[in-house]
Amino acid sequence: MSNFSVLKGEYGTYVDTLSEALQRDDESAFFTAVDNIVHMREPKMFAEIRKLTGDLQKALDRFSIESRLADIAEHEIPGARARLTHVINMTDEAAHRTLDLVERSGPLAERTSREAGALLDAFAAFRERATGRGFEGIARSVEAFLPLVRAMEAFLPAARTDSEQIRRNLADVLLAQGYQDLTGQIIRSVIKLVEELEQALGNLANLSGGLVEHATLGENPNAGHGPVVPGVTEGEVASAQTDVDALLSGLGM
Amino acid sequence: MSKDMKFLVVDDFSTMRRIIKNLLHDLGYSNVTEADDGKTALPMLQAGSFDFLITDWNMPGMPGLDLLKAVRADSKLAKMPVMMLTAEAKRDQIVEAAKAGVNGYVIKPFTAETLKEKLDKILGAGK
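Note on numbering: residues in each chain are counted from 1, in written sequence order. Key to labels: chains lettered from A, ligands numbered from 1, both in the order written. The predicted origin of the model limits local features to residues at a pLDDT of at least 70 and limits the giving and counting of side-chain atom pairs to 80 or more, whereas totals for whole chains, interfaces and linings rest on all residues.

Right, let's get into the overall build of chain B. From N to C terminus, chain B includes five helices and five strands. When the elements of chain B are put in sequence order from the N terminus, they spell out β-α-β-α-β-α-β-α-β-α. In this treatment the radius of gyration is a C-alpha quantity, and the globule benchmark scales as 2.2 Å times the residue count to the 0.38 power. The C-alpha atoms of chain B give 13 Å as radius of gyration, which agrees with the globular expectation for 127 residues (14 Å, within 12%). In terms of overall dimensions, chain B has C-alpha extents of about 30 × 30 × 30 Å along its principal axes. Counts of 20 or more other C-beta atoms within 10 Å of a residue's own C-beta define buried residues, counts of 12 or fewer define exposed ones, and intermediate counts define partly exposed ones; C-beta atoms are placed from the backbone. Expressed as a percentage of its 127 residues, the buried residues of chain B come to 39%. Numbering of helices and strands runs from the N terminus, with a helix taken as a DSSP run of H or I at least four residues long and a strand as a DSSP run of E at least two residues long.

Right, let's talk about helix α1 (residues 2-24) of chain A for a bit. Given 3.6 residues per turn, any residue in an α-helix points the same way as the ones three and four places further on. Residue and element names in this part refer to chain A. One less than the number of residues in a helix, times 1.5 Å, gives the span that helix is expected to have. In this model, α1 (23 residues) spans 32 Å end to end at C-alpha, consistent with the 33 Å of a helix rising 1.5 Å per residue. The bend reported for a residue corresponds to the angle between axes fitted to the seven residues ending at that residue and the seven starting there. Of all the bends in α1, the greatest, near 50 degrees, is centred on Y11. The element α1 is barely covered by neighbouring structure, given that only zero of its 23 residues are classed as buried.

The next subject is the packing of helix α3 (residues 64-73) of chain B against helix α4 (residues 91-100) of chain B. All names here are of chain B. Axes here refer to lines fitted to C-alpha atoms; in helices the fit is confined to the stretch in contact. Angles between the N-to-C directions go from 0 to 180 degrees. Contact geometry for α3 and α4: axes closest at 9 Å, N-to-C directions at 15 degrees. In terms of axis orientation, α3 runs roughly parallel to α4. Our pair here, α3 against α4, has a crossing hand that is left-handed. For the pair formed by α3 and α4, the contact residues are L65, L68, K69 and R72 on the first element and E96, A97 and A100 on the second. Following the grouping adopted for this structure description, the nonpolar residues are Ala, Val, Leu, Ile, Met, Phe, Trp, Tyr, Cys and Pro, the charged ones are Asp, Glu, Lys and Arg, and the polar ones are all others, Gly among them. Per-class residue counts for the contact of α3 with α4 are four nonpolar, no polar and three charged. Orientation labels follow simple angle bins: below 35 degrees gives roughly parallel, above 145 gives roughly antiparallel, 65 to 115 gives roughly perpendicular, and whatever is left gives oblique. By the definition used in this description, the sense in which the near helix is turned from the far one sets the handedness, with an anticlockwise turn below a right angle giving left-handed and a clockwise turn giving right-handed. Contact between two residues is assigned whenever their backbone-derived C-beta positions fall within 7 Å.

What follows covers the interface of chain B and chain A. Taken together, the 22 residues of chain B in the interface contact 23 residues of chain A. Mapped by element, the contributors of at least two residues to the side of chain B that touches chain A are α1 (14-26), α3, α4 and β5 (104-107) of chain B. Considering every element that reaches the side of chain B that touches chain A, the biggest residue donor is α4 of chain B, with five residues. For the side of chain B that touches chain A, a count of residues per class yields twelve nonpolar, four polar and six charged.

Glancing now at the nonpolar core. A set of buried Ala, Val, Leu, Ile, Met, Phe, Trp, Tyr and Cys residues, joined to one another through C-beta atoms within 7 Å, is what we call a nonpolar core. L8, L53, I54 and M84 of chain B are the most contacted members of the largest nonpolar core, which totals 37 residues. Among all residues touching L8 of chain B, those that are not within four sequence positions of it are T33, A35, A41, M44, L45, F50 and L53 of chain B.

What follows deals with the sheet that holds strand β4 (residues 82-86) of chain B. Residues and elements named next belong to chain B. Two strands form a pair only when DSSP identifies at least two bridges running between them. Overall, parallel pairing links the five strands, which are arranged β2-β1-β3-β4-β5 in an open sheet. A strand with exactly one partner marks an edge of an open sheet, and here the two such strands are β2 (32-35) and β5. Here the average twist between neighbouring strands, direction ignored, is 20 degrees. Bridge analysis of strand β1 (residues 7-10) against β2 gives four bridges, and the strand direction is parallel. Paired with L8 across the strands is T33, a residue of β2.

All names here are of chain A. Running from N to C, helix α2 (residues 27-129) and helix α3 (residues 134-176) cross one another at 165 degrees; their axes reach a closest spacing of 8 Å. Comparing their axes, α3 and α2 come out roughly antiparallel. Relative to α3, α2 is oriented so that their crossing is left-handed. Looking at side-chain class alone, the contact of α2 with α3 contains 23 nonpolar, six polar and eight charged residues.

This part takes up unusual backbone geometry. A cis amide bond, omega -5 degrees, links K108 of chain B with the succeeding residue P109 of chain B. The phi torsion at D25 of chain A lies on the positive side, around 60 degrees, for a residue other than glycine. Along the polypeptide, D25 of chain A turns up in the loop between α1 and α2. Judged by C-beta crowding, with 8 C-beta atoms within 10 Å, D25 of chain A ranks as exposed.

Right, dumping it as structure tokens:
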């Protein structure tokens, strides 16, 4: 009962004064004693109220973080997933569009090159045959010139059409790169969400007193890490094919 | 090796498969089949008469390293030349692939020249 002895020591005098004042019908002394007793209780009461307020504030903070996290988990993460899937689709579409145009341009350039080669041969043949002086020479030149003219007549319009088509395809390849702007904006918005999530989780961990357990997902260890990201990928990394070749030749390959 | 040798290109991205297919075509190899991960590729390899495997590493389902190990473990496929064409560039991974028996390792992004050079090297060594 040591606590109670302390209380007796603290309040005993005031209670005695109070009881004496009652017996004497001394109103002023009675209220003074009551005031003294109340003043003694005040600091403890305020400390309790402060503690309660602190707890309430913490609970409210936690609630606000948790409800924000719930909102992120319920709405924004599925949204971000959909946005990133859209990014993959857009890059896929742009890459295929570019590949289409490249595949269509290749044969056109190849044809121009092949026909220009044939024309060069025709020209070489003309130079070889168009020799000699006098009428005979002129006649041979005219005769040799005809196939060359025909070949040129066939080649020039086709070369112009093909080149124009290649130029149009290149312009479309240029336009197809527009995906970078759009996907960049989407990815940036997802980065913003990840930042917010990081902050909310960090705050929650602080409120929990850092009692966060580390957990790892059960992944295939052979799954790979994906492309090297500067500043993120840890460990020794080959930055170019020459590094790979040097490493492999060191291993005897 | 003749130009009509049969290639299997394994990558989860169709654009990358198409790029590799185009490059092989430019090199004169037009017999190219595609698969989108190790799990689809392995039965194709076991069923078909492929001469050369080009595979990515990081794929859903079965990763390229597991495919390489499965190929080396299969007595009918064990000697098939395998080229890893991947963005995985960690030193440990390259060593691991070499230990698993890869014949060539090309990191993305790559050039047509690199692909040709490594391909010729592997095919030359196999003669």
